[in-house]
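Given next are the chains, with one letter for each unit.
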Amino acid sequence: MTHRIYFCGSIRAGRQDAELYQILIKKLQKYGKVLTEHIGLNEPWNAPHLSGFTLGQEDLAKDKCIFKTDTDWLASADVVVAECTQPSLGVGFELGFAWKLNKPTLCLYRPLNGTGTAGLSAMITGAASDSWTITHYNEPDELDQAFEQLFQKLELTKNSNSQC
Ligand SMILES: O=c1[nH]c(=O)n([C@H]2C[C@H](O)[C@@H](COP(=O)(O)O)O2)cc1CO
């Protein structure tokens, strides 16, 4: 299976869950190419595709490059998987963008995490549909089944679309 997977996770909004992102990205790589694998790196702001910018630089040109690259990747993705527990403006923006493009989307949320007591935004839960799923979990291994189901469904859709 060679799906193009866009993974979302907090960067500037806080790196508390960085190790978890790395684990989830590794699990997702079983199903295809994770376009945003830099989100699991120790310093995602120095990812290889940003190597033309000075180390540590966070100016407008770099932000424009991040925006262009990420929105292009999102538009080309077959599926979006977002870890939403650490609230992030960037992740929220990406989810709105994915929704507008009708991308199959899986939103992951850890309700028992200290930062998540207030619950997910209604703008995420309220979007639930056949292709917009919200999965609550505590440990990454609990997601194996959800990932399996997501990609099986994607395969079925791909196959039925290619038959006509
Ligand atoms: O350096 C970056 N690289 C990058 O790809 N992003 C994208 C991908 C993440 O899913 C999301 C994180 O947004 P934020 O930085 O607002 O937490 O934005 C965000 C930044 C920094 O805002």
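Residues numbered from 1 in each chain as written. Predicted model: local features only at pLDDT ≥ 70, side-chain atom pairs only at ≥ 80, totals over all residues. Heavy atoms only, no water.

An unreviewed UniProt entry lists the protein chain under the name Putative 2'-deoxynucleoside 5'-phosphate N-hydrolase 1, with Plectus sambesii as the source organism.

A. Seen up close, the sheet that holds strand β5 (residues 132–136). Here five strands make up an open sheet; going across it, the order is β2-β1-β3-β4-β5 and the pairing parallel. Single-partner strands in this sheet number two, and they are β2 (32–34) and β5. In this sheet, neighbouring strand axes are inclined to one another by 20 degrees on average, regardless of whether the strands run parallel or antiparallel. As defined by bridge partners, strand β1 (residues 3–8) adjoins β2 across three bridges and the pair is classed as parallel. Bridge assignment links R4 to a residue of β2, and that residue is K33. Lying on the sheet, helix α3 (residues 89–100) is in contact with β1, β3 (79–83), β4 (105–109) and β5; it crosses β3 at an angle near 155 degrees. (Pairing = 2+ DSSP bridges. Helix = DSSP H or I, 4+ residues; strand = E, 2+ residues; numbered from the N terminus. Axes fitted to C-alpha atoms, helices over the stretch in contact; angles between N-to-C directions. Contact = heavy atoms within 4.5 Å.)

B. Spatial organisation of the UniProt feature "binding site: substrate" (unreviewed entry) in the protein chain. On the UniProt side, "binding site: substrate" (unreviewed entry) is annotated at positions that read Y6, F7, C8, G9, S10, I11, R12, Y21, E94, S121, A122 and M123 here. A maximum C-alpha distance of 23.1 Å is found for the annotated residues, which run over 118 residues; spatially they are spread out rather than grouped. Annotated residues from the preceding list that form part of the lining of the largest pocket: these are Y6, G9, I11, R12 and E94. Relative to the helices and strands, S10 is located in the loop between β1 and α1 (18–28). At a separation of 2.6 Å, a polar atom in the side chain of S10 contacts the main-chain carbonyl oxygen of G14. Following the sequence through the fold, I11 ends up in the loop between β1 and α1. Judged by relative accessible area, which is 25%, I11 ranks as partly exposed. Discounting residues that sit within four places of it in the chain, I11 has contacts with H38, I39, P44 and W45. (UniProt positions renumbered as here; feature names shortened; annotations may be inferred. 1 Å grid on protein atoms, 1.4 Å probe; cavity = no way out; pocket = protein on both sides within 12 Å on 5 of 7 lines; lining within 4 Å. Polar contact = N/O pair within 3.5 Å; in protein donor to acceptor, adjacent residues only side chain to side chain. Buried < 20%, exposed > 50% of the residue type's maximum accessible area, 1.4 Å probe, protein only.)

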